[in-house]
Each structure stands twice: as C-alpha cells, then as structure tokens.
Amino acid sequence: GENVEQHPSTLSVQEGDSAVIKCTYSDSASNYFPWYKQELGKGPQLIIDIRSNVGEKKDQRIAVTLNKTAKHFSLHITETQPEDSAVYFCAARSRAAGNKLTFGGGTRVLVKP
Amino acid sequence: EPEVTQTPSHQVTQMGQEVILRCVPISNHLYFYWYRQILGQKVEFLVSFYNNEISEKSEIFDDQFSVERPDGSNFTLKIRSTKLEDSAMYFCASKGGESSYNSPLHFGNGTRLTVT
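Thresholds applied
- Residues numbered from 1 in each chain as written.
- Chains lettered and ligands numbered in written order.
- Predicted model: local features only at pLDDT ≥ 70, side-chain atom pairs only at ≥ 80, totals over all residues.
- Heavy atoms only, no water.
- Helix = DSSP H or I, 4+ residues; strand = E, 2+ residues; numbered from the N terminus.
- Rg over C-alpha atoms; globule rule 2.2 N^0.38 Å.
- Contact = heavy atoms within 4.5 Å.
- Buried area = accessible area lost by both parts, 1.4 Å probe.
- Salt bridge = Lys/Arg side-chain N within 4 Å of Asp/Glu carboxyl O.
- Polar contact = N/O pair within 3.5 Å; in protein donor to acceptor, adjacent residues only side chain to side chain.
- Nonpolar A, V, L, I, M, F, W, Y, C, P; charged D, E, K, R; others polar.
- Pairing = 2+ DSSP bridges.
- Axes fitted to C-alpha atoms, helices over the stretch in contact; angles between N-to-C directions.
- Phe/Tyr/Trp six-rings, centres within 6.5 Å; stacked < 30°, edge-to-face > 60°.
- Buried < 20%, exposed > 50% of the residue type's maximum accessible area, 1.4 Å probe, protein only.

Looking now at the overall build of chain A. Per the secondary structure count, chain A includes zero helices and 11 strands. From first element to last, N terminus to C terminus, chain A shows the α and β order β-β-β-β-β-β-β-β-β-β-β. Its C-alpha radius of gyration of 14 Å places chain A within 12% of the 13 Å reference for a compact globule of 113 residues. Pairs at least 24 residues apart make up 54% of the contacts formed inside chain A by residues separated by at least 6 positions.

The following block contains the structure:
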C-alpha cells in the first residue's frame, strides 16, 4: 500500500522566514495530495491541496509543489507568523488504494517571534 | 462554515468496556470516515462508509470495531471491548456529494479515548 514519509519532524524558524516541509510517497497511482494543519486540541484542517495534473499551487503565503517523477511534494510557507505554529501533515490518496488518505508523520513547526 | 462535530471530546473507560464515539458529519456529505492518532504517531485510516455500508477498512478495524449511521445525521464508531492499545485520538471526517471523489476531507476535532 501507499507509504508517505515526511521531513523534518520538527522545524523552528524565525518570524518572517520561510518554512519548507517535504514529503515522499511510494504509490505512483497517487493523484491527490492535501496538506493539513493541526492546532492543539483540534482536528486536522485542510490548508491546501494539489492534484497530480499540476506541478505547483499557491494560496497567499502557502504554496505546494509536486514532482511526480521523483514522487515527492513540498509545502512552502513564506513570511511565517507566530500563528503558523502548529503540526503540519501531508497526505496522499491513490485510486488504486481505495478512497482513503495516507498521512505522513507530521512536522511540528514553531515560529519564534 | 459547516463543521464536523464529535462528542464527547474526552472519554475515559476501563479495559473491556464498550464505548461509542459519536460524530455529526457535514449535512450534505455522503462519504464518512474514522481515523485515529495514537499519541506521537501518524494519523491512521480505520474505515470509510458510503451508501450505508463500509466501503473500505484497514487491518486495525477488526471485529471489535463497528460503525453505524443510525439516522440521517449521526455516524458512530463502537469499540466492543476496549483494550489499552485503543487509547488514541479518534477523528471523524466527511466529504461531499456524488461527484466528489477528489473533494476535500473535513475533520472533526476528535475524541480522546483513554482506556485504563
């Protein structure tokens, strides 16, 4: 089945700097890649997603890139703010593997003021 | 914005007891899911439910687990005889209508289950 690896597990950045989180996936049939943000005591909240027919997507300070050949995708947060501090999860979904999301292990991001 | 709501937020139970975790998915959604997250580990898929039946389940979802949509709004996860290793955060999720295979998955805030 699908396996998603995520790095780094923790990331500390200075406010205003950029943060980059990287994920790799194993199933070449995966075609949907969402990113979730989880704040303390809450469930994962979708922040951006990308489908396999595009290589990059941007929404204000957040961007995601996808390299299908290498089977990796990345989340970029620019001009980080303290409220960006949270745990971020990448995920992948493959039509060949049913309708479920397979999650990465998460990255705890700390933005220092 | 519509939300997935879960109750209770925290459930403490003794080993061997039955628990029912409750969820109210977003009202016009047709696909329902349960995921769990053991402390410090990945979010793991348990089961998906569509058209009043289980569409997929993981190896975690053994005979001790069951799901039900008892009415038009609730979606429940039952664990018949809880074990210590069932202690985790359980997340309910839902997504949209008929042509929504790639629509986003919306998660609730979870129920923290503690088995003592």
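What follows picks up the thread again.
This next bit is on the interface of chain B and chain A. Interfaces are frequently sized by the accessible area removed from exposure as the parts join. Contacts between the two partners involve 18 residues from chain B, matched on the other side by 27 residues from chain A. Where chain B abuts chain A, roughly 1900 Å² becomes buried across the two surfaces, and 47% of that area is made up of carbon and sulfur atoms. Remark: the boundary between chain B and chain A carries one salt bridge. There are five residue pairs in polar contact (both at pLDDT 80 or more) connecting chain B and chain A. A class-by-class count of the residues in the side of chain B that touches chain A yields 10 nonpolar, five polar and three charged.

Another point: the pattern of salt bridges. Applying the stated criterion to the full structure yields five salt bridges over all chains. With a closest N to O distance of 2.9 Å, Asp84(A) and Arg61(A) form a salt bridge. Placement of Asp84(A) in the loop between β8 (72–77) and β9 (86–94) and of Arg61(A) in the loop between β6 (56–59) and β7 (62–67) is noted, with a sequence separation of 23 residues between them. A salt bridge links Glu44(B) to Arg36(B); the shortest N-O distance between them is 3.2 Å.

Residues and elements named next belong to chain B. Read from one edge to the other, the open sheet built from four strands follows the order β1-β3-β8-β7, with strand pairing classed as antiparallel. Pairing within the sheet leaves two strands with one partner each, and these edge strands are β1 (5–7) and β7 (65–68). Across the sheet, the axes of successive neighbouring strands diverge by a mean angle of 20°, strand direction being ignored. As judged from the five bridges shared by strand β3 (residues 19–24) and strand β8 (residues 75–79), these two strands associate in the antiparallel manner. Note on β8: the bridge partner recorded for Leu-21 is Leu-77.

Turning next to the sheet that holds β6(A). Residues and elements named next belong to chain A. Taken together, the five strands give an open sheet; going across it, the order is β1-β3-β8-β7-β6, and neighbouring strands pair in antiparallel fashion. Sheet topology places β1 (4–7) and β6 at the edges, where each strand pairs with a single neighbour. Neighbouring strand axes in the sheet, compared pairwise and without regard to direction, differ in orientation by 15° on average.

This part covers the packing of aromatic side chains. One pass over the full model with this rule turns up 18 aromatic pairs over all chains. Ring centres 5.7 Å apart and planes at 85° place the aromatic pair Phe103(A) and Tyr35(B) in the edge-to-face group. One end of the pair, Phe103(A), is in strand β10 (residues 102–103); the other, Tyr35(B), is in strand β4 (residues 31–37), on a second chain. Accessibility expressed as a relative area gives 0% for Tyr35(B), which makes it buried. Ring geometry for Tyr35(B) against Phe45(B): centres 5.6 Å apart, planes inclined by 70°, an arrangement best described as edge-to-face. Placement of Tyr35(B) in strand β4 and of Phe45(B) in strand β5 (residues 43–50) is noted, with a sequence separation of 10 residues between them. Across the pair, Phe45(B) and Tyr35(B) agree in class, each one buried.

This brings us to unusual backbone geometry. Look at the link from His7(A) to Pro8(A): it is a cis peptide, with omega at -5°. Checked against the element boundaries, Pro8(A) lands in the loop between β1 and β2 (10–14). With an omega of -10°, the peptide bond running from Thr7(B) to Pro8(B) counts as cis. Residue position: Pro8(B) is located in the loop between β1 and β2 (10–13). The backbone of Asn51(B) shows a phi angle near 55°, a positive value even though the residue is not glycine. One can find Asn51(B) in the loop between β5 and β6 (53–57). By relative accessible area, which is 58% here, Asn51(B) ends up exposed. We note that Asn52(B) has phi near 65°; this positive angle belongs to a residue other than glycine. Checked against the element boundaries, Asn52(B) lands in the loop between β5 and β6.

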